Amino acid sequence: MQKYLIKDLADYEGKSITLMGWASNKRESKGLVFIVLRDGTGWCQCVVSIDVVGETIFEEARKITLESSLSITGNIVKDERQMGGYELQATAVSLIGASVDYPIAKKEHGIDFLMDKRHLWLRSQRQWAIMKIRNQIIFAIHKFFQGEGFVEMDAPLFTGNACEGTSNLFETDYYGDTAYLSQSGQLYGEAMALSLGKIYTFGPTFRAEKSKTRRHLSEFWMIEPEMAFFDLFENMDLIEKFLRYVTTEVLENCEKELALIGRDTSVLQNIIKPFPRLTYDEAVRIIKGEQDVNGKNAITSLEQELASVQTRINAIKAEIAEREEKLKMPGMKKGEIGFNQAQIDKLKQEAGDAEEQERNIPQWLNSARNFEYGNDFGGSDETVITRLFDVPVMVYNWPHEVKAFYLKRDPDNNRFARGVDVLAPEGYGEIVGGGERETNEALLIEKIKEHQLPMEAFEWYLDLRRYGTVPHAGFGLGLERLVTWICKLPHVRESIPFPRMYGRLLP
RNA sequence: UCCUUCUUAGCUCAGCUGGUUAGAGCACAUGACUGUUAAUCAUGGGGUCCUUGGUUCGAGUCCAAGAGAGGGAGCCA
């Protein structure tokens, strides 16, 4: 049996076909039922008219509940008013699986509720669009690296040692020994690059940090390329080319999905512009407000932001008061009352978000003003710096003390390590961390001791320096953080089908 | 681990300085309406006000402890 898909409706104009899917919405009036059917490829309004289908089928159609699965047969006609430009005029409707009291209603829901219903939330339009974009990003990543001659080679997920010694890892029992869930495949990536030249890994990574922020997950997907005969600067060139490619692919192939989630693509279009490359020293001056960026100052622009947040809060509160006043007036139609209440609820959410910002910005200001040279950037520092740019920013040459032990010491200034962080614009912060790797065995041993890591676990890693070491570099990209930025999501939890984070293991 | 905000109907939220029987919209059910895109009308079922303890003649409201959630810091992609 031929399967007809909603995305191909244009091919079937004037023909009778059968669609199979779920009722994502239903409206009815005398003699007519409108069922919005979704089949995973799109949405299509199906019109069931009593004059066409007769009383029995019509009664069945009238009883269809939200998210029931069904098949509908009918003619495809052009209708400009519809989302896909077509609608189906039904001649037959048949129920496949009933849905009783579907919990996600056609209204705003709180995040806790939606997270508990994540398995159903994924069916909604916005989540559908995000997952399509995520898929496009994954596909583009593979296309890019395969096109550049990289070999995908995956690192183990069970590891016997804490890779960088910094993060908290998940422990698990491995035939009586302790194994950790990998927080990075990078060390293995180096070994593989010294065999295949250019490799990339693509898999899940685990961090047992008790972080509850909009950019942390306990389980996330990471892409880690590693290249032999690459230095820091070639690495940065690759990162830039890579991010530009992936973003461009999304812009070209996900126009509909980006529009659905209301993403302003003009910022994404900026990806064709060269990425600014700042040294750590320059970045610190910008954070502290000692150096402007395109006429914008980090400190004063934060202060302005705070002021505008405060005026926005006042404006929202005024509007809420006005609408509440209006509600008290007699003679308002029921529909209008409902509409106003929905607006008030929405405004209250906005006010709540704005008030959260109002509490956070002074903290960020404080942290920026008092930033101490030599420290790593915190989340707020990244936010402060990336709000000044409209393209991803690369920060390189970090004080070696704050970075991972395996980063190469800068030959021109041994205070610095040749690491690079890529910060996404619009306040999103770090999406890539990478750098050139240390090839000097003695320096590496010194670093391993300094970080108090068990030397025996790194013997194999040191072998890579003992047998034909070469300059090499690589980076790690957090898939969910990239998805979050490209979609401009308020939180990473919407960028992955089933987020795993502190305090949440279900569904 | 620390700071901060919150928890009232299936959902989103009101509930003022403590005062009779705790409200609205949506959803649901029944009926009315021939084209709807959270905006038609009527009817009405729905509550452990997160938990425990306290203050009080009286607690959804005040106090204390606990649980859960949101945001942030630390840490990171």
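These numbers come from a predicted model, not from an experiment. (Residues numbered from 1 in each chain as written. Chains lettered and ligands numbered in written order. Predicted model: local features only at pLDDT ≥ 70, side-chain atom pairs only at ≥ 80, totals over all residues. Heavy atoms only, no water.)

1. Regarding the side chain of threonine 383
The residue threonine 383 is located in helix H12 (residues 379-386) in this model. You can call threonine 383 buried: its relative accessible area is 11%. For threonine 383, the side chain forms a polar contact with the main-chain oxygen of glycine 379, separated by 2.8 Å. The residues touching threonine 383, leaving out its near neighbours within four places in the chain, are Trp364 and Gly427. (Helix = DSSP H or I, 4+ residues; strand = E, 2+ residues; numbered from the N terminus. Buried < 20%, exposed > 50% of the residue type's maximum accessible area, 1.4 Å probe, protein only. Polar contact = N/O pair within 3.5 Å; in protein donor to acceptor, adjacent residues only side chain to side chain. Contact = heavy atoms within 4.5 Å.)

2. Some details on the pairing of strand E11 (residues 219-228)
Of all the ten residues making up E11, eight are buried; the element is thus mostly covered by neighbouring parts of the structure. Where strand E10 (residues 198-206) and E11 come together, nine bridges link them in antiparallel fashion. Its bridge partner lying in E11, glycine 203 is registered against methionine 222. When E11 meets strand E16 (residues 472-478), the two strands line up antiparallel, connected through five bridges. Directly across from methionine 227, in E16, lies its bridge partner alanine 473. (Pairing = 2+ DSSP bridges.)

3. Quick look at the environment of tyrosine 467
With respect to the helices and strands, the residue tyrosine 467 is situated in the loop between helix H14 (459-466) and E16. Expressed as a C-alpha distance, the spacing of tyrosine 467 and leucine 194, which sit 273 residues apart in the sequence, is 9.9 Å.

4. Focus: the pattern of salt bridges
Scanning all chains against the criterion turns up 31 salt bridges. Note that glutamate 67 is salt-bridged to arginine 38, the shortest N-O span being 2.7 Å. Within this pair, whereas glutamate 67 is found in the loop between helix H1 (50-62) and strand E4 (69-78), its partner arginine 38 is found in strand E2 (residues 32-38), the two being separated by 29 residues in sequence. A salt bridge links arginine 126 to glutamate 494, with the nearest nitrogen and oxygen atoms 3.2 Å apart. With arginine 126 in helix H4 (residues 125-147) and glutamate 494 in the segment after helix H15 (479-487), this pair connects stretches of sequence that are 368 residues apart. (Salt bridge = Lys/Arg side-chain N within 4 Å of Asp/Glu carboxyl O.)

5. Focus on a nonpolar patch on the surface
A contiguous nonpolar surface patch, about 400 Å² in accessible area, is contributed by Phe158, Tyr174 and Tyr175. For phenylalanine 158, a relative accessible area of 44% puts it in the partly exposed group. (Patch = residues over 30% accessible without salt bridge, like charges linked within 9 Å, V, L, I, M, F, W, Y side chains within 5 Å. Areas by Shrake-Rupley, 256 points an atom, 1.4 Å probe, with all protein chains shown as cover.)

6. Brief notes about the packing of helix H6 (residues 232-253) against H15
Direction vectors running N to C along H6 and H15 enclose 50°, while the axes themselves pass 12 Å from each other. Our classification of the angle between H6 and H15 gives oblique. Regarding H6 and H15, the two cross each other, and that crossing is right-handed. Contacts between H6 and H15 involve Leu243, Val246, Thr247 and Val250 on the former and, on the latter, Leu482, Trp485 and Ile486. Its residues assigned to classes, the contact of H6 with H15 shows six nonpolar, one polar and no charged. (Axes fitted to C-alpha atoms, helices over the stretch in contact; angles between N-to-C directions. Parallel < 35°, antiparallel > 145°, perpendicular 65-115°, else oblique. Left-handed = near helix turned anticlockwise from the far one by under 90°. Nonpolar A, V, L, I, M, F, W, Y, C, P; charged D, E, K, R; others polar.)

7. Considering the sheet that holds strand E6 (residues 151-152)
Here eight strands make up an open sheet; going across it, the order is E6-E10-E11-E16-E15-E14-E13-E12 and the pairing mixed. Two strands bound the open sheet, and with one partner strand each, they are E6 and strand E12 (277-279). As defined by bridge partners, strand E15 (residues 429-436) adjoins E16 across five bridges and the pair is classed as antiparallel. Bridge pairing in E16 links glycine 433 to glycine 476. In the packing of helix H9 (residues 280-287) onto the sheet, contacts are made with E12, strand E13 (393-399) and strand E14 (416-424), and the angle to E12 comes to roughly 90°.

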